[in-house]
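An overview of the molecular structure
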Amino acid sequence: MLDRGFLFGDGVYEVIPVYGGRPFRLDEHLQRLENSLAEVRIPNPHQRDGWSKILSELIHKNEGGDQSLYLQVTRGVAPRDHHFPELTNPTLFMMSNPLTGTPTSILQHGIAAVTETDSRWSRCNIKSINLLANVLHRQHALDRGAKESILIRQGEVTEGAASNVFVVLEGTILTPPKSHYLLPGVTRDLVLELAQQQGLHPQESAISEQQLAAAEEIWVTSSTKEVVPVTQLNHAPVGEGIPGLVTLQIHRHLQTFKQQFRAESPSPAH
Ligand code: PDD
């Protein structure tokens with residue numbers, strides 16, 4: 001009970017999707033984990049190949065296929081005091097959860113989102129397990145009949161409570177640039193890469209609250225939910241109020257990319 005993760009939220013985490021028994025974008029997730037650990041000065045308990053081995057073990061214990069891996073590293077167990085303890089080993093906890101992809105009904109209808117003033121700290125680039133503000137933002141969305149909260153800081157979109165945000169504005173795909181105010185999403189980067197490859201010229205650029213309200217299309221991304229169309233914002237329709245063509249196109253490209261990744265996967269029997 002004296003683990004600093006439990007007492008202070010003093011730790012960082014990752015969520016890594018697994019397709020066909022293989023972790024997806026593993027280097028990108030491990031790089032972000034290294035960055036988060038370095039930012040909060042928790043020693044990294046494993047090198048990359050060590051992480052790779054224990055994650056494979058977890059995947060195989062859960063019978064391969066598609067899964068969502070959760071891992072968290074905390075500063076460890078010590079008598080409760082705020083400063084860093086001496087001689088404490090980090091605690092590692094990992095689990096696997098089912099991963100189902102975006103349900104068809106969500107792709108058909110999209111979700112409702114609401115905007116809220118971003119109440120979080122100014123180091124949101126760290127994937128901290130201290131998620132109380134995100135929890136409250138997500139719950140506020142549910143309280144208002146929506147599924148996600150889109151956060152606004154000083155008049156500009158940062159991200160969702162547990163997702164990154166994209167819009168299509170006057171035909172151009174925009175997502176906010178990386179900063180200390182948002183998590184550098186692995187899915188975000190992949191979507192930018194895929195959109196670029198398709199000649200769609202996405203831009204990393206600030207999105208004002210007014211631009212968000214005027215967007216033709218909005219979608220949010222995350223490792224577990226992939227690409228989710230937002231078809232209502234603050235109870236008003238986004239565009240036609242149905243998932244937009246660009247959103248669906250991006251969703252399809254991501255599915256194709258995943259299929260290619262699966263096809264490269266060694267079968268679970270080998
Ligand atoms: N969260 N921003 C926030 C605040 C997030 O919590 C997440 C994902 C993302 C998307 O990042 P990625 O594409 O790397 O998953 C952006 C995970 C899934 C979670 O907390 O469950």
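Here's what I pulled together on the structure shown here. In this convention, every chain numbers its residues from 1, walking through the sequence in written order. Totals for whole chains, interfaces and linings use all residues, but because this is a predicted model, local features are given only for residues with pLDDT of at least 70 and pairs of side-chain atoms are given and counted only at 80 or more. No hydrogens and no water enter the side-chain calculation; it runs on all heavy atoms of the structure.

What follows concerns the site of the ligand. The cutoff for a nearby residue is simple: one of its non-hydrogen atoms must lie within 4 Å of the molecule or strand. Around the ligand sit 19 residues in total, of which Tyr 13, Arg 32, Glu 159, Thr 187 and Ser 223 are the nearest. The term polar contact refers here to a pair of N or O atoms within 3.5 Å; inside protein, the definition further demands a hydrogen-donor-capable atom paired with an acceptor-capable atom, and it admits residues adjacent in sequence only when both atoms are side-chain atoms. Between the ligand and Arg 32 there is a distance of 2.8 Å, counted from an oxygen atom to a side-chain nitrogen or oxygen. With respect to the ligand, the side chain of Lys 127 contributes an N or O atom lying 3.3 Å from a nitrogen atom. Residue-level accessible areas treat just the shown protein chains as cover; the underlying method is Shrake-Rupley with a 1.4 Å probe. The protein chains hide 89% of the 480 Å² of surface that the ligand would expose on its own. The set of elements that each furnish at least two residues to the shell around the ligand consists of β1 (11-19), β7 (156-160), α6 (186-197) and β11 (217-222). Any residue outside Ala, Val, Leu, Ile, Met, Phe, Trp, Tyr, Cys, Pro, Asp, Glu, Lys and Arg is labelled polar, Gly included; the first ten of those are nonpolar and the last four are charged. Classifying every residue of the shell around the ligand gives 6 nonpolar, 10 polar and 3 charged. Residues from two domains meet in the shell around the ligand; each of domain 1 (4-98) and domain 2 (104-257) gives at least three. The numbering of helices and of strands both runs from the N terminus, where a helix is a DSSP run of H or I of at least 4 residues and a strand a run of E of at least 2. The start and end points of each domain follow an automatic or database-based domain assignment.

What counts as a salt bridge is simple: a side-chain nitrogen of Lys or Arg found within 4 Å of a carboxyl oxygen of Asp or Glu. Within this structure, the stated rule accounts for 18 salt bridges. A salt bridge links Glu 204 to Arg 188; the nearest nitrogen and oxygen atoms lie 2.6 Å apart. Separated by 16 residues along the polypeptide, Glu 204 in strand β10 (residues 203-204) and Arg 188 in helix α6 bring together distant segments of the chain. Each residue gets one of three labels from its accessible area relative to the maximum for its type: buried under 20%, exposed over 50%, partly exposed in between, using a 1.4 Å probe on protein chains only. Residue classification places Glu 204 among the partly exposed residues on the basis of a relative accessible area of 47%.

So yeah, pure geometry; function would need other evidence.
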